[in-house]
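Here is what each chain is made of, one letter per residue.
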Amino acid sequence: DVFAQNAEWIPFTTKGAAAADAGIAALLDPASVDPGFPPILGPVQHQPVPMQCGVELIQAGAGTLAANPNQYGEGTVIAWPCVLGLSVIGQCELFANIALVQSSGGNPFAVPGDSGSLAIVTGSTPDTGKPAGIVFGHFRYQDSSAEEAVETIAVCSLVIAISQFTAHGRLTMV
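The following paragraphs examine the structure supplied in this document.

Describing the overall build of the protein chain
Next, step 1: Secondary structure summary: the protein chain contains two helices and eight strands in total.
Next, step 2: When the helices and strands of the protein chain are read in sequence order from the N terminus, they spell out β-β-β-α-β-β-β-β-β-α.
Next, step 3: In summary, the protein chain has a C-alpha radius of gyration of 16 Å against a globular reference of 16 Å for 174 residues, a match within 12%.
Next, step 4: With the principal axes as the frame, the protein chain shows a C-alpha extent of 50 × 40 × 35 Å.
Next, step 5: When burial is assessed residue by residue, the protein chain has 34% of its 174 residues classed as buried.

In structure tokens, the structure reads:
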């Protein structure tokens, strides 16, 4: 079912990497959508926080909840900030300000269908419950000291994505 249409996005650039990979959707029928967060995540605060290496994140996107409505994805940021090259409609596009998140806690951090989900800080930190990023892709990370590539999920910094929208007048924070 279609419930939204693309309203704004951070454009690709021919002069280096895009600052973030994010967009804003306009709901076709706002009354038909629950504006809250999945209860499994616990209380979510509205003020986003900067991404950091080592932070623990959770997310409960559509793919994760479809597999098990009582489960969320858990992971730890193992690399930040990164620039990734991804194939988009047959062309390599560069994205900056990306965190690589490795699954932890026994559940995959994200599965197909979770793109666009908020990544929320968890653990025992003052930032627990605050959004830090947006899930957007699967990536194999090869550290020079490791023998094998690590399966990770690419997460765009929410603070940087919001700054891109507000800098160009496409979003007003209230």
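A word on the pairing of strand 7 (residues 131–141)
Next, step 1: Sheet analysis places strand 6 (residues 118–122) next to strand 7, joined by three bridges and oriented antiparallel. Its bridge partner lying in strand 7, Ala119 is registered against Gly133.
Next, step 2: Across eight bridges, strand 7 lies against strand 8 (residues 150–157) in antiparallel orientation. Considered in strand 8, the bridge of Tyr141 is made with Val150.

Considerations on the sheet that holds strand 5 (residues 91–103)
Next, step 1: One closed barrel holds the six strands; their spatial order is 3-4-5-8-7-6, and the pairing between them is antiparallel. Taken over all neighbouring pairs, the strand axes of this sheet differ in orientation by 50 degrees on average, direction set aside.
Next, step 2: Contacts from helix 2 (residues 158–167) reach strand 4 (73–88), strand 5, strand 6, strand 7 and strand 8, with the element oriented near 35 degrees to strand 8.

Quick look at the pairing of strand 6
Next, step 1: Bridge count between strand 3 (residues 56–59) and strand 6: three bridges; the pairing is antiparallel. Paired with Glu56 across the two strands is Thr122, which belongs to strand 6.

Digging into the nonpolar core
Next, step 1: The biggest cluster of nonpolar side chains holds 18 residues, and the ones touching the most others in it are Ile98, Leu100, Cys156 and Ala161.
Next, step 2: Elements with a contribution of two residues or more to this core: strand 4, strand 5, strand 7, strand 8 and helix 2.
Next, step 3: Examining the composition of this core, we find that four residues originate from one element, helix 2, more than from any other.
Next, step 4: Beyond its immediate sequence surroundings of up to four residues, Ala161 is in contact with Ile10, Ala20, Ala22, Ile134 and Cys156.
Next, step 5: Counting 15 residues, the second largest nonpolar core, distinct from the first, contains Val49, Leu57, Ala119 and Ile153.

Cut-offs and rules
Residues numbered from 1 in each chain as written. Predicted model: local features only at pLDDT ≥ 70, side-chain atom pairs only at ≥ 80, totals over all residues. Heavy atoms only, no water. Helix = DSSP H or I, 4+ residues; strand = E, 2+ residues; numbered from the N terminus. Rg over C-alpha atoms; globule rule 2.2 N^0.38 Å. Buried < 20%, exposed > 50% of the residue type's maximum accessible area, 1.4 Å probe, protein only. Pairing = 2+ DSSP bridges. Axes fitted to C-alpha atoms, helices over the stretch in contact; angles between N-to-C directions. Contact = heavy atoms within 4.5 Å. Core = buried A, V, L, I, M, F, W, Y, C linked by side-chain atoms within 4.5 Å.

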